[in-house]
Amino acid sequence: MPSYSQMLVDTLFGFFALFVLTKVLGKTEISQLTAFDFITAIILGELVGNALFDDKAGILHIGYVLILWGGLLYITEIITQKYKETRPLLEGSPEIVIRKGKLIRDVMKKNKLDINQLQHMLRGKDVFSLREVEYAILETNGTLSVLKKSDFQTPTRKDMKLAPQPANLSVTLVNDGEIIYDNLEEKNLTEEWLMEQLKEQGYDNVNDVFYAEYMKDEDLLVLPFVNRGKPKK
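Residues numbered from 1 in each chain as written. Predicted model: local features only at pLDDT ≥ 70, side-chain atom pairs only at ≥ 80, totals over all residues. Heavy atoms only, no water.

Undergrad: Which parts of the structure should I look at to understand unusual backbone geometry?
TA: With the exception of glycine, most residues fall at negative phi, and the peptide bonds are largely trans. In the segment running from Thr154 into Pro155, the intervening peptide bond is cis, with an omega of -10°. The residue Pro155 is located in the loop between β4 (144-148) and β5 (171-175) in this model. If you check the backbone angles, Asp126 has positive phi at about 65° while not being a glycine. Note that Asp126 resides in the loop between α7 (115-123) and β3 (133-138). Although it is not a glycine, Asp217 adopts a positive phi angle of roughly 65°. Looking at the secondary structure, you find Asp217 in the loop between β7 (209-214) and β8 (221-224). For Asp217, a relative accessible area of 69% puts it in the exposed group. (Helix = DSSP H or I, 4+ residues; strand = E, 2+ residues; numbered from the N terminus. Buried < 20%, exposed > 50% of the residue type's maximum accessible area, 1.4 Å probe, protein only.)

See the structure below:
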């Protein structure tokens, strides 16, 4: 059993080491708590906690393990940022569980989501009937995003006695300077059409576009690369 003074030193070191590690890894470790992030948080806590009560483990041992584990996490983040095709594997990808009011059974089965769990998640979004939902997306952190049918949106068109309108789901066409060809194909759009739309908004190269979003009957939403403190001129 280590002495109280040694435990104090180890605790302070572990506290500041974890603080620095979370700053290096970024806020996504907290704000987007995926299953992998959850396991990572548990392991980091266990590494420090076990070391505090191990009289054979000193500050160097704690620091070595934290640096090793933090390095692996940092490398993983770099890989997902640099190689976008690895993101679905390492971070997961959103799944549409309700499309145009219909339950997508194979997606629910793949994500081990039964109807009772889905209804529970919908109630958390103030939705108490499946008939209100046009689209529901299971996000990578396990939360559910819901787009209601137009008749049930607030204020509802029914209350205003307006004719119902179809609820359209936005689609990402450009992400981080790269065209999402699968989404183009899904919406029966062409790359030529996309480039023409970008040029109309002053972008000659898709590499200048950070994000472009398409929604039926709406202008293409185009957002350039903008860094904090360095606004686009």
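Now that the structure has been shown, we can carry on.
Undergrad: Any chance you could explain a negative patch on the surface here in plain terms?
TA: The grouping of Glu196, Glu200, Asp217, Glu218 and Asp219 at the surface amounts to a negative patch. Its place among the elements puts Glu196 in helix α9 (residues 191-200). (Patch = residues over 30% accessible without salt bridge, like charges linked within 9 Å, V, L, I, M, F, W, Y side chains within 5 Å. Areas by Shrake-Rupley, 256 points an atom, 1.4 Å probe, with all protein chains shown as cover. Salt bridge = Lys/Arg side-chain N within 4 Å of Asp/Glu carboxyl O. Lys, Arg positive; Asp, Glu negative; His and termini not counted. Charge placed at Lys NZ, Arg CZ, Asp CG, Glu CD.)

Undergrad: What is the right way to look at the pairing of β4 in this model?
TA: Each regular strand carries side chains that alternate between the two faces of the sheet. With 5 bridges connecting them, β3 and β4 associate as antiparallel partners. Bridge assignment links Ala136 to a residue of β4, and that residue is Val146. Following β3, the chain reverses through 5 residues before pairing antiparallel with β4; Gly142 in that reversal takes a positive phi of roughly 90°. (Pairing = 2+ DSSP bridges.)

Undergrad: Help me understand the environment of Glu213 in this model?
TA: Note that Glu213 resides in strand β7. Within polar-contact distance, the side chain of Glu213 engages the side chain of Tyr211 at 2.7 Å. (Polar contact = N/O pair within 3.5 Å; in protein donor to acceptor, adjacent residues only side chain to side chain.)

Undergrad: Just checking my understanding: could you explain the side chain of Glu134 for this structure?
TA: Tracing the backbone shows Glu134 in strand β3. Buried charge without a salt bridge: Glu134, with Lys149 as the nearest opposite-charge side chain at an N-O distance of 4.8 Å. The residues touching Glu134, leaving out its near neighbours within four places in the chain, are Ile98, Arg99, Lys100, Gly101, Leu147, Lys148, Lys149 and Ala167. (Contact = heavy atoms within 4.5 Å.)

Undergrad: Looking at this structure, how should I read the sheet that holds β7?
TA: The 4 strands are arranged β6-β5-β7-β8 in an open sheet whose pairing can be described as antiparallel. Bordering the open sheet on either side are β6 (178-179) and β8, each of which pairs with just one other strand. In terms of strand pairing, β5 meets β6 through 2 bridges, oriented antiparallel. Within β6, the residue paired with Val174 across the bridge is Ile179. In the packing of α9 onto the sheet, the strands contacted are β5, β6, β7 and β8, and the crossing angle to β5 comes to about 75°. (Axes fitted to C-alpha atoms, helices over the stretch in contact; angles between N-to-C directions.)

Undergrad: Help me understand the pairing of strand β1 (residues 95-99) in this model?
TA: Bridging between β1 and β3 involves 4 bridges; their strand directions are antiparallel. Bridging from a neighbouring strand, Arg99 pairs with Tyr135 of β3. The pairing of β1 with strand β2 (residues 102-103) spans 2 bridges and is antiparallel. Looking at β2, one finds that Arg99 is bridged to Lys102. Counting the residues in the hairpin turn of β1 and β2 gives 2 residues, including Lys100, whose phi is positive at 50°.

Undergrad: Can you walk me through α7 in this structure?
TA: Residues three or four positions apart in an α-helix share a direction because the helix packs 3.6 residues into each turn. Every buried residue of α7 is listed here: Leu118, Met121 and Leu122. Down the axis, α7 shows its buried residues gathered within 100° of arc, on one side only. Exposed positions of α7 whose direction lies more than 90 degrees from the buried face are Asn116 and His120. The inward-facing, buried residues of α7 abut β1, β2, α6 (105-110), β3 and β4. For α7, the side-chain oxygen to backbone nitrogen distance between the N-cap and Asn116 is 3.1 Å, and the N-cap itself is Asp114. (Arc of directions from axis to C-beta.)

Undergrad: So what exactly am I meant to see when it comes to the packing of aromatic side chains here?
TA: How two aromatic rings sit relative to each other is set out by the distance from centre to centre and by the angle between their planes. By the definition in use, this model includes 2 aromatic pairs. Geometrically, the ring pair formed by Trp193 and Tyr214 is edge-to-face, given 5.7 Å between the ring centres and 85° between the ring planes. In this pair, Trp193 is assigned in helix α9 and Tyr214 in strand β7, connecting sequence segments 21 residues apart. A relative accessible area of 26% means that Trp193 is categorised as partly exposed. (Phe/Tyr/Trp six-rings, centres within 6.5 Å; stacked < 30°, edge-to-face > 60°.)

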